[in-house]
Amino acid sequence: MPRGAWGAAAGAAGLLLLLLYAAVHRVEEGHVAVYFRGGGGALLTTLSGPGFHIMLPFVTTSRAVQTTLQTDEVKNVPCGTSGGVMIYIDRIEVVNMLAPHAVYQIVRNYTADYDKALIFNKIHHELNQFCSAHTLQEVHIELFDQIDENLKLALQRDLNAMAPGLTIQAVRVTKPKIPEAIRRNFELVEAEKTKLLIATQKQKVVEKEAETERRKAVIEAEKSAQVAKIWYEQKFMETLSEKRISELEDAAFLARAKAKADAEFYAAQKAAASNKLKLTPAYLELMRHQAISANSKLYFGSSLPPSLFLGSCATFKEAVAAAAAARAARGAQLLSKVGRGPLGHGVSGAGDAKTLQGLHSPLH
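Because the structure is predicted, anything quoted here is derived from the model rather than measured. (Residues numbered from 1 in each chain as written. Predicted model: local features only at pLDDT ≥ 70, side-chain atom pairs only at ≥ 80, totals over all residues. Heavy atoms only, no water.)

1. Points about the overall build of the chain
Scanning the chain from terminus to terminus reveals nine helices and nine strands. Taking all 364 residues of the chain together, 25% fall into the buried category. Residue pairs in contact within the chain that sit at least 24 positions apart in sequence constitute 71% of those at least 6 positions apart. Counting only carbon and sulfur atoms, one obtains 61% of the accessible surface of the chain, whose full area is about 24500 Å². (Helix = DSSP H or I, 4+ residues; strand = E, 2+ residues; numbered from the N terminus. Buried < 20%, exposed > 50% of the residue type's maximum accessible area, 1.4 Å probe, protein only. Contact = heavy atoms within 4.5 Å. Areas by Shrake-Rupley, 256 points an atom, 1.4 Å probe, with all protein chains shown as cover.)

2. What to know about the sheet that holds strand 3 (residues 42-48)
Ordered by their spatial adjacency, three strands build an open sheet running 3-2-5, and the pairing between neighbours is antiparallel. Pairing within the sheet leaves two strands with one partner each, and these edge strands are strand 3 and strand 5 (60-66). Taking each pair of neighbouring strands and ignoring which way they run, the sheet shows an average axis angle of 30°. Where strand 2 (residues 31-37) lies against strand 5, seven bridges are found, and the strand directions are antiparallel. Of the residues in strand 5, the one forming a bridge with Y35 is S62. Lying over the sheet, helix 2 (residues 103-110) contacts strand 2, strand 3 and strand 5, oriented at roughly 160° with respect to strand 3. (Pairing = 2+ DSSP bridges. Axes fitted to C-alpha atoms, helices over the stretch in contact; angles between N-to-C directions.)

3. Notes on helix 2
Turning to helix 2, its buried residues are V103, Y104, I106 and V107. Taken together, the buried residues of helix 2 touch strand 2, strand 3, strand 5, strand 7 (86-98), helix 3 (114-132) and strand 8 (166-173). Downstream of helix 2 by a residue or two, T111 has a phi angle that is positive, lying close to 70°.

Quick look at the structure:
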């Protein structure tokens, strides 16, 4: 083959390789490729996922759009407070994610650099709106913890209307930079606040210690009161027990005394009835003969004095009967007064003997 033919073939092969290199492109994982016709002019409706793809070289161009979580940083954002102080926020990070199904509409409306229009510019606008409505004290200290949440809500509210499918996951805001003179004043204020906080904490500690002592005293007083109450209840129960025991002992003693009195009264009644039945004429005659037989002196003679004789038998019987009646009357009287005590055998026997001895006294 002639040398010219070899050169043409090599040129054609090189041109083919160049066209093939320009036509083949790769899309990374987590991205979606969009295509423009005519050097980046008209947006094509064709979208490509991760992998290798072929496009018309030098006529169609591609642009990869990330569809996973990404962080956009907005740096050195100026912010003017309501008091006219200009402060700067060093860095604001916005974590966002674009849904694959919304890629075409968002790129068509806001280009492939949609984050500049939808995030960066909105951050500047929303932050200035917030700062202009608050003082330096509020922006720098009091409401600083609310800035990130307010920015997130404001951005998401506008994106839901302007670019559905683009979601704000989080917003992180660094501490704003303030003028040096104002910063020193803030440091002095913070130092005074720290002193005040320390004094307040000391006061709370003292109050807490006093409260602890008071509670301790109250607990001790309650303990003493409970011990005294228990001791009082114990003594009260002991007194009640002693009273109950005394009542039981008194009742038992009264019952024994009553039983004894009843027994003695019953014995006295029986003795009186027995004596009444025993003093019959035959018994009295027997007692007379026993008294005569017990007399150891006997007198005999025809010229004895009349005073030595006892009298007739009738007179003797009347005297014995009178003595028995007197003894019965005395026994009844004593029984009615005392209600107890033996009135029987001892009194009756001794009285009868003395009466008989008086009636049968020896004659001198």
